[in-house]
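These are the residues of each chain, in order.
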Amino acid sequence: MTLEVQIHALRKTIATRLKEAQNTAAMLTTFNEVDMTALRELRDAYRDEFAKRHGGVRLGFMSFFVRACCAAVRDFPAVNAEIDGDDIVYKN
C-alpha cells in the first residue's frame, strides 16, 4: 500500500469514528453572556504598564479568566468535582 492510500484509509477511519462518537455521545454547547465592560476598562488602564513590566507581554483576557476560575474553585470546591457512581469526588 502506498503512503497516500494509507493516509486516505486513516482519514476515513477517523471520520467514521468521529461520526460514531457524535451519534452516540451527548454533544452540548452552552453560551453565557457576560458584561465585560469593567474588565475591558481595567485592562485598558493597566495595559501599557503591564507590557513594560513584563517585557512587552500584553495583558490579555485569559489572566482574568484564570483568576476567576481559581476564586470559584476556592469558594465552591464542587466546581472542580466529578461524580463517580454515587460519590462526589473533590479534587485538590
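This write-up is about the structure you can find in this document.

What counts and how
- Residues numbered from 1 in each chain as written.
- Predicted model: local features only at pLDDT ≥ 70, side-chain atom pairs only at ≥ 80, totals over all residues.
- Heavy atoms only, no water.
- Helix = DSSP H or I, 4+ residues; strand = E, 2+ residues; numbered from the N terminus.
- Buried < 20%, exposed > 50% of the residue type's maximum accessible area, 1.4 Å probe, protein only.
- Phe/Tyr/Trp six-rings, centres within 6.5 Å; stacked < 30°, edge-to-face > 60°.
- Lys NZ or Arg CZ within 6 Å of the ring centre and 35° of its normal.
- Salt bridge = Lys/Arg side-chain N within 4 Å of Asp/Glu carboxyl O.

## Some words on the environment of Arg74
Working step 1: Looking at the secondary structure, you find Arg74 in helix α3 (residues 62-75).
Working step 2: The class for Arg74 is exposed, based on a relative accessible area of 58%.

## A look at the packing of aromatic side chains
Working step 1: What the rule picks out here adds up to one aromatic pair.
Working step 2: Against the face of Phe61 rests Arg43, its NZ or CZ located 4.3 Å from the ring centre.

## Some words on the pattern of salt bridges
Working step 1: Here the structure, examined in full by the defined rule, presents four salt bridges.
Working step 2: With a shortest N-O distance of 3.1 Å, Glu49 and Arg53 are connected by a salt bridge. A residue pair is termed a helical-turn pair when its members lie 3 or 4 positions apart in one helix, as Glu49 and Arg53 do in helix α2 (residues 37-53) at four residues.
Working step 3: A salt bridge links Asp75 to Arg74; the nearest nitrogen and oxygen atoms lie 3.5 Å apart.

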